[in-house]
Amino acid sequence: MEIKYAIVVVLVIATMVLVGCGSEAEPTPHPGQALVETKCSTCHSIVQVNNAKYSREIWDTTVNRMVMAGLQITDEQKAQVIDYLAIRDSQ
Ligand code: HEC
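This write-up is about the structure you can find in this document. (Residues numbered from 1 in each chain as written. Predicted model: local features only at pLDDT ≥ 70, side-chain atom pairs only at ≥ 80, totals over all residues.)

1. Focus on the overall build of the chain
Counted only if it meets this: Where helices and strands are cited, they refer to DSSP runs of H or I of at least four residues and of E of at least two residues respectively, numbered from the N terminus. Exposure classification rests on a simple neighbour count of other C-beta atoms within 10 Å of a residue's own: a residue reaching 20 or more is buried, one at 12 or fewer is exposed, and one in between is partly exposed. C-beta atoms are placed from the backbone. A pair of residues counts as a contact when their C-beta atoms, built from backbone coordinates, are within 7 Å of each other.
The secondary structure content of the chain amounts to five helices and zero strands. Going residue by residue from the N terminus, the α and β elements of the chain occur as α-α-α-α-α. Across the 91 residues that make up the chain, the buried fraction comes to 10%. Contacts in the chain between residues at least 24 apart in sequence constitute 69% of all its contacts with a sequence separation of at least 6.

The following block contains the structure:
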């Protein structure tokens with residue numbers, strides 16, 4: 001009897017944990033977001049980036065200009081940064 005009781009308790013707790021996790025799940029942040037926060041706040045403040053509101057084309061040009069200024073970034077990271085900023089500013 002006691003083992004059955006314990007199994008029921010474990011199942012109830014497991015269900016509560018699973019339901020709890022499901023409702024708290026937040027949308028996965030865009031991979032470009034963390035990159036912007038780390039890569040774009042070394043030469044100037046992140047405020048500079050947050051004040052700008054550009055189209056995808058202008059962000060492409062701007063981020064390429066930052067690379068000319070000395071920004072260290074891979075092509076893949078650059079694409080993620082531009083994508084994140086373009087989506088952010090289109091909302
Ligand atoms: C190596 C240094 C450096 C890094 C790293 C850097 N910037 Fe800049 N940024 C500059 C300089 C210098 C200026 C001012 C001259 C200019 O506008 O070209 C500037 C200006 C800006 C401006 C304002 C001018 C404009 O065109 O609107 C924005 C927006 C900007 N940066 C965005 C970014 C973003 C986004 C990143 C990260 C992907 C970044 N920066 C990383 C050097 C840097």
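Further notes follow.
2. What about the site of the ligand?
Counted only if it meets this: Any residue qualifies as near a molecule or strand once its backbone-derived C-beta atom lies within 6 Å of it. Nonpolar residues are Ala, Val, Leu, Ile, Met, Phe, Trp, Tyr, Cys and Pro. Charged residues are Asp, Glu, Lys and Arg, and all others, Gly as well, are polar.
Within the structure, the ligand sits among 17 residues, and Cys40, Cys43, Ala52, Gly70 and Leu71 are positioned closest to it. Sorting the residues of the shell around the ligand by element identifies α2 (31–39), α3 (46–51) and α4 (56–69) as the ones contributing at least two each. At five residues, the largest contribution of residues to the shell around the ligand is made by α4. For the shell around the ligand, the per-class residue count stands at ten nonpolar, five polar and two charged.

3. Comments concerning the packing of α2 against helix α5 (residues 75–89)
Inclusion rule: Under this scheme, a helix contributes an axis fitted over its contacting stretch, all axes are lines through C-alpha atoms, and angles between N-to-C directions fall in the 0 to 180 degree range. Each angle gets one of four labels, with under 35 degrees taken as roughly parallel, over 145 as roughly antiparallel, 65 to 115 as roughly perpendicular, and the rest as oblique.
As a packed pair, α2 and α5 sit with axes 8 Å apart at the nearest point and diverge in direction by 100°. It follows that α2 is roughly perpendicular to α5 by the angle criterion. Between α2, through Pro31, Gly32, Gln33, Leu35, Val36 and Lys39, and α5, the contact on the second element is made entirely by Gln77, Gln80, Val81, Asp83, Tyr84 and Leu85. Grouping the amino acids of the contact of α2 with α5 by side-chain chemistry returns six nonpolar, four polar and two charged.

4. A few points about the packing of α4 against α5
Rules: Helix crossings are classified by the rotation of the near helix relative to the far one: an anticlockwise turn of less than a right angle makes the crossing left-handed, while a clockwise turn makes it right-handed.
One way to put it is that α4 packs onto α5 with a least axis distance of 9 Å and a crossing angle of 140°. As far as their axial angle goes, α5 and α4 are oblique. As α4 runs across α5, the sense of the crossing is right-handed. Only Lys78, Val81, Ile82, Leu85 and Ala86 of α5 make contact with α4, whose side of the interface consists of Arg56, Trp59, Asp60 and Val63. Residues of the contact of α4 with α5, tallied by class, amount to six nonpolar, no polar and three charged.

5. Some points on α4
Applicable threshold: Here the expected length of a helix is defined as 1.5 Å per residue gap, with one fewer gap than residues.
For α4, spanning 14 residues, the distance from its first C-alpha to its last is 20 Å, which sits close to the expected 20 Å at 1.5 Å a residue. Just downstream of α4, Gly70 is the residue with a positive phi angle, here 125°.

6. Some thoughts on the environment of Glu57
Position of Glu57 relative to the elements: it lies in helix α4. Exposure remark for Glu57: the 10 C-beta atoms within 10 Å place this residue in the exposed category. Taking the C-alpha atoms as reference, Glu57 lies 8.9 Å from Ile82; in sequence the two are 25 residues apart.

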